[in-house]
Amino acid sequence: VRLQVQNVEKPLYRGTFHCFQSIIKQESVFGLYKGIGSPMMGLTFINALVFGVQGNTLRALGKDTPLNQFLAGSAAGAIQCIICCPMELAKTRMQLQGTGEYKLKMKNYKNSLDCLIKIYQKEGLRGINRGMVSTFIRETPSFGFYFLTYDCMTRYLGCEAEDSYVIPKLLFSGGMSGIVSWLSTYPVDVIKSRLQADGVGGVTQYNGILDCIRKSYHEEGWRVFTRGLTSTLLRAFPVNAATFATVTVFLMYMRSEDNLRECEPGPVIQQPSSL
């Protein structure tokens, strides 16, 4: 977030690793965990919603095809925006508080929940849902590619319950799914972050998505849409590797109770017995 929204005329960070070093030096290691409360509150519900919606949508579509995998994932991504958008708004505000051009500003938020409450009191539901459209544009195709990639990878690698290397294969497939999903819509994430951070310092710069795109490109060129990509991908691989592997192994275990021994990571989530 800091790399995505920093002032191009007075940049605080030269890149991902410089940003990492600067945060530790200036704010201690705890600075790396600013805004963690919001993801901690929301990720459990988001993952439950995403995997549940994806599985039920795929069953409703009838056939397990690449197109249906994409459509089911997209449906899951679209619905989870209801939780994801406010969660990321709080995370963004908490991570920017007291840094850069906001350094001299009074720290208004005690934690993520306090942040959301104060935004609601000041701006109402519209404020809580700031960046909802850009979040929807990002999440819908992103989750489509997310589940499609995982399904294709696990089938290609031949994940079988009896395979002694099934866990590494699941981890690799999940990690690659996370990378592909972020690469597919990352420029939209930059715009989303800028819109959610807009106005924090007291000055509103953008009048909407198109205005943000136009001004960002005009001032910083096309590279602005890849800001923070390295740190995002470094995070995406282990997080999504652990997420998909955990879900799949758990469902494999649950299915084994019914003597269903096949490991088909996409279909595992789709079978009625697995929910």
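Values in this document were obtained by computation on a predicted structure and should not be read as measured data. (Residues numbered from 1 in each chain as written. Predicted model: local features only at pLDDT ≥ 70, side-chain atom pairs only at ≥ 80, totals over all residues. Heavy atoms only, no water.)

1. Looking at the overall build of the protein chain
Threshold: By definition, any uninterrupted DSSP run of H or I lasting at least four residues is a helix, any uninterrupted run of E lasting at least two residues is a strand, and each is numbered from the N terminus. Any two residues whose heavy atoms approach within 4.5 Å at even a single point are treated as in contact. Here the open area of atoms and residues is found with the Shrake-Rupley method and a 1.4 Å probe, where only the protein chains shown may cover a residue.
The helix and strand tally for the protein chain stands at 11 helices and zero strands. Listed N to C, the secondary structure of the protein chain is α-α-α-α-α-α-α-α-α-α-α in terms of helices and strands. Of the contacts made within the protein chain by residues no fewer than 6 positions apart, 70% connect residues no fewer than 24 positions apart. Taken as a whole, the protein chain presents about 14700 Å² of accessible surface, with 63% of it coming from carbon and sulfur.

2. Description of a nonpolar patch on the surface
So the rule is basically this: Patch members must show over 30% relative accessible area and no salt bridge, and they are joined within 9 Å when carrying like charges or within 5 Å when they are nonpolar side chains of Val, Leu, Ile, Met, Phe, Trp or Tyr. Each reported salt bridge corresponds to a side-chain nitrogen of Lys or Arg within 4 Å of a carboxyl oxygen of Asp or Glu.
A cluster of nonpolar side chains, Met 41, Leu 113 and Ile 117, forms an exposed patch at the surface whose accessible area comes to about 260 Å². Tracing the chain through its elements places Met 41 in helix α3 (residues 37-61).

3. So, the packing of helix α5 (residues 81-96) against helix α7 (residues 132-157)
Under the convention used in this document: Geometry is summarised by axes, namely lines fitted to C-alpha atoms with helices restricted to the contacting stretch, and by angles between N-to-C directions that run from 0 to 180 degrees. Angles below 35 degrees are treated as roughly parallel, those above 145 as roughly antiparallel, those between 65 and 115 as roughly perpendicular, and all remaining angles as oblique. Handedness of a crossing is defined here by the sense of rotation of the near helix relative to the far one, left-handed for an anticlockwise turn of less than a right angle and right-handed for a clockwise turn.
Remark: α5 packs on α7, axes separated minimally by 10 Å, with the N-to-C direction vectors making an angle of 120°. Taken together, the axes of α5 and α7 lie oblique to each other. Pair α5 / α7 crosses with right-handed handedness. Contacts between α5 and α7 involve Cys 81, Ile 82, Cys 84, Cys 85 and Glu 88 from the former and Met 132, Thr 135, Phe 136, Arg 138 and Glu 139 from the latter.

4. Let's talk about helix α4 (residues 66-79)
The α-helix winds at 3.6 residues per turn, so residues separated by three or four positions along the chain end up facing the same way. Which entries qualify depends on this criterion: Under the convention used throughout, the expected extent of a helix is 1.5 Å for every residue step, that is, one less than its residue count. Accessible area is worked out with a 1.4 Å probe on protein chains only. A residue is then buried under 20% of its type maximum, exposed over 50%, and partly exposed in between.
Counted at 1.5 Å a residue, the expected span for α4 with its 14 residues is 20 Å, and the 20 Å between its end C-alpha atoms agrees. Among the residues of α4, those classed as buried are Asn 68, Gln 69, Ala 72, Gly 73, Ser 74, Ala 76 and Gly 77.

5. Brief notes about the environment of Thr 57
Relative to the assigned elements, Thr 57 resides in helix α3. Sequence separation between Thr 57 and Ser 74 is 17 residues; the distance between their C-alpha atoms is 9.8 Å. Not counting the four nearest positions on each side in its chain, Thr 57 is found in contact with Ala 72 and Ala 75.

6. Some details on the pattern of salt bridges
Evaluation of the coordinates by the stated rule reveals 13 salt bridges. Between Glu 220 and Arg 194 there is a salt bridge whose closest N-O contact spans 3.0 Å. With Glu 220 in helix α9 (residues 209-220) and Arg 194 in helix α8 (residues 166-197), this residue pair connects regions lying 26 residues apart in the sequence. Both residues of the pair, Glu 220 and Arg 194, belong to the buried class.

7. Digging into the nonpolar core
Note on soluble globular proteins: their nonpolar side chains tend to be buried together. Applicable threshold: The nonpolar core is taken to be a set of buried Ala, Val, Leu, Ile, Met, Phe, Trp, Tyr and Cys residues, with the residues joined through side-chain atoms within 4.5 Å.
The biggest cluster of nonpolar side chains holds 17 residues, and the ones touching the most others in it are Ile 46, Val 50, Phe 143, Tyr 146, Phe 147, Leu 170 and Phe 244. Judged by nonpolar contacts, the second largest core, of eight residues, contains Met 94, Cys 115, Ile 119 and Ile 128.

8. A word on the side chain of Glu 139
As a reminder, the rule being used: Whenever a nitrogen or oxygen atom comes within 3.5 Å of another N or O atom, the pair is scored as a polar contact, on the condition that within protein one atom can donate a hydrogen and the other can accept it, and that pairs from neighbouring residues in sequence are kept only if both atoms are in side chains.
For Glu 139, the location among the structural elements is in helix α7. Exposure remark for Glu 139: the relative accessible area of 7% places this residue in the buried category. Among the polar contacts made by the side chain of Glu 139, one reaches the side chain of Gln 80 at a distance of 2.6 Å. With sequence-adjacent residues up to four places away left out, Glu 139 is seen in contact with Gly 77, Gln 80, Cys 81 and Cys 84.

9. Examining the confidence of the model for the protein chain
Threshold: The quantity known as pLDDT measures the predictor's confidence residue by residue, on a range of 0 to 100.
With 76% of its residues at a pLDDT of 70 or more, the protein chain shows a mean pLDDT of 82. Between residues 259-263, whose pLDDT stays under 50, and residues either more than four places distant or in other chains, the model counts 14 contacts.

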